[in-house]
Amino acid sequence: MPKEKLLITGASGLLGHALCLQAEQAYDVYGTCFQNEVMVPYVTPIKLDLADTKQIAQCFQKVQPQAVIHTAAFSKPNSCEQQPEKSRLINLQATVEIAQLCAASKIPLVFTSSDLVFNGKDAPYYEDDPVSPICVYGEHKAAAEEAVREIYSKATIYRMPLMLGAAPGFESGFLAHMVRTLRNKERLILFTDEFRTAVDTESAASGLLMALKQPGVLLHLGGRRRLSRFSMGCLIADVLKADHALLKPMLAKDLPMPAPRSPDVSLSSERAYVLGYAPEDLVSYLERSVPGIVQ
Ligand SMILES: NC(=O)c1ccc[n+]([C@@H]2O[C@H](COP(=O)([O-])OP(=O)(O)OC[C@H]3O[C@@H](n4cnc5c(N)ncnc54)[C@H](OP(=O)(O)O)[C@@H]3O)[C@@H](O)[C@H]2O)c1
């Protein structure tokens, strides 16, 4: 029997890459990219600019997907703050277009939102808590969630936490940056007052594939530990046996950035755990993946 066609937007991204690696066993995977390449064999790459809604419709016409996981995004909050119109086009308008296309064909859709739909003053956050974004990126993700729900009640919305991943070609990610800095014996500045329930991209990808069988739900896909960025740095330093003196603690208010920062967007993800989401312990993931990160 032929495999179902799964369209993954953002297949050249950190999460999309991990997702493609897991999905290709069960699905005929088509992966979209924009400025970078899809680096997973057996995935059919498709160049697509999400800012152009016509291109999205053409992509659906060409692929005729039977399910869609939408991970593509203008994903850097500081860049969104500086380019709000670009964020609106990619994070909101493109998501609306994708939801409309999926609704018209009645195919499963999973949309990846963010823990940054919350202001970070009242963690841990549950799925039923009201959204309270404080940055442009969070505002557009929250608006996209609402639009997806209105357009297509069978769409699944997953709020993602901070994700740590390591793969060739993703040397600029948060994890790779911390590993390289510590290996080079350089100072690493990390906030002590910003908390997330981070998860690794492989666990997040397996949670997203589970979502295809959970139509119409809103779920949090957080990890099990609430950690500050500084504590994450300590875990990585332990794995690398690096000198902890290289880790420089800092308060977020002492390093102003374009986007306001939510202090604690820890997610409660019990609902997803009950449904079978089983994120790997972060330390075990780091021990397994950090040695393979190239300089
Ligand atoms: N990473 C995190 O810690 C985190 C936390 C919470 C939520 N999320 C959400 O999780 C999802 C995946 O994040 P990620 O970390 O994998 O993001 P990422 O590594 O930044 O990848 C973003 C993807 O979107 C694509 N993209 C960007 N602009 C595009 C455009 N104009 N047209 C078409 N594609 C475009 C990129 O393509 P090219 O690279 O080829 O240009 C890339 O494939 C996103 O929805 C993000 O908002 C991420």
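In this text the structure is predicted, and so the values were computed from the model without any measurement. (Residues numbered from 1 in each chain as written. Predicted model: local features only at pLDDT ≥ 70, side-chain atom pairs only at ≥ 80, totals over all residues. Heavy atoms only, no water.)

Trainee: Sorry if this is basic, but what is going on with the overall build of the protein here?
Mentor: Helix and strand counts for the protein stand at 10 helices and 13 strands. For 295 residues, the compact-globule formula gives about 19 Å, and the C-alpha radius of gyration of the protein, at 18 Å, lands near that figure. Over its C-alpha atoms, taken along the principal directions, the protein stretches across nearly 55 × 40 × 40 Å. A buried classification covers 53% of the 295 residues belonging to the protein. Considering only residue pairs separated by 6 or more positions, the protein has 76% of its internal contacts joining residues 24 or more positions apart. (Helix = DSSP H or I, 4+ residues; strand = E, 2+ residues; numbered from the N terminus. Rg over C-alpha atoms; globule rule 2.2 N^0.38 Å. Buried < 20%, exposed > 50% of the residue type's maximum accessible area, 1.4 Å probe, protein only. Contact = heavy atoms within 4.5 Å.)

Trainee: Can you walk me through unusual backbone geometry in this structure?
Mentor: Trans is the common state for peptide bonds, and a negative phi is the common state for residues other than glycine. For the bond from Ala-123 to Pro-124, the omega torsion is 0°, close enough to zero to count as cis. Mapped onto the elements, Pro-124 comes out in the loop between strand S5 (109-114) and helix H5 (136-151). Of note in the backbone geometry, Tyr-42 takes a positive phi value of approximately 70° without being a glycine. Note that Tyr-42 resides in the loop between strand S2 (27-33) and strand S3 (44-47). With a relative accessible area of 74%, Tyr-42 lands in the exposed category. For Gln-64, which is not a glycine, the phi torsion comes out positive at approximately 55°. Looking at where Gln-64 falls in the secondary structure, it is placed in the loop between helix H2 (53-63) and strand S4 (67-70). The class of Gln-64 is partly exposed, set by a relative accessible area of 47%.

Trainee: Whenever I open this one, the site of the ligand confuses me. Can you help?
Mentor: Around the ligand, 27 residues are found, and the nearest of them are Ser-12, Phe-34, Gln-35, Ser-75 and Tyr-137. Within the side chain of Ser-12, a nitrogen or oxygen atom sits 2.6 Å from an oxygen atom of the ligand. Asn-36 is positioned such that a nitrogen or oxygen atom in its backbone is 2.8 Å from an oxygen atom of the ligand. Contact with the protein chains hides 89% of the accessible area of the ligand, taken as 910 Å² for the molecule alone. If you list the elements that add at least two residues to the shell around the ligand, you get helix H1 (14-23), S5 and H5. Tallied by class, residues from the shell around the ligand come to 14 nonpolar, 10 polar and 3 charged. (Near = heavy atom within 4 Å. Polar contact = N/O pair within 3.5 Å; in protein donor to acceptor, adjacent residues only side chain to side chain. Areas by Shrake-Rupley, 256 points an atom, 1.4 Å probe, with all protein chains shown as cover. Nonpolar A, V, L, I, M, F, W, Y, C, P; charged D, E, K, R; others polar.)

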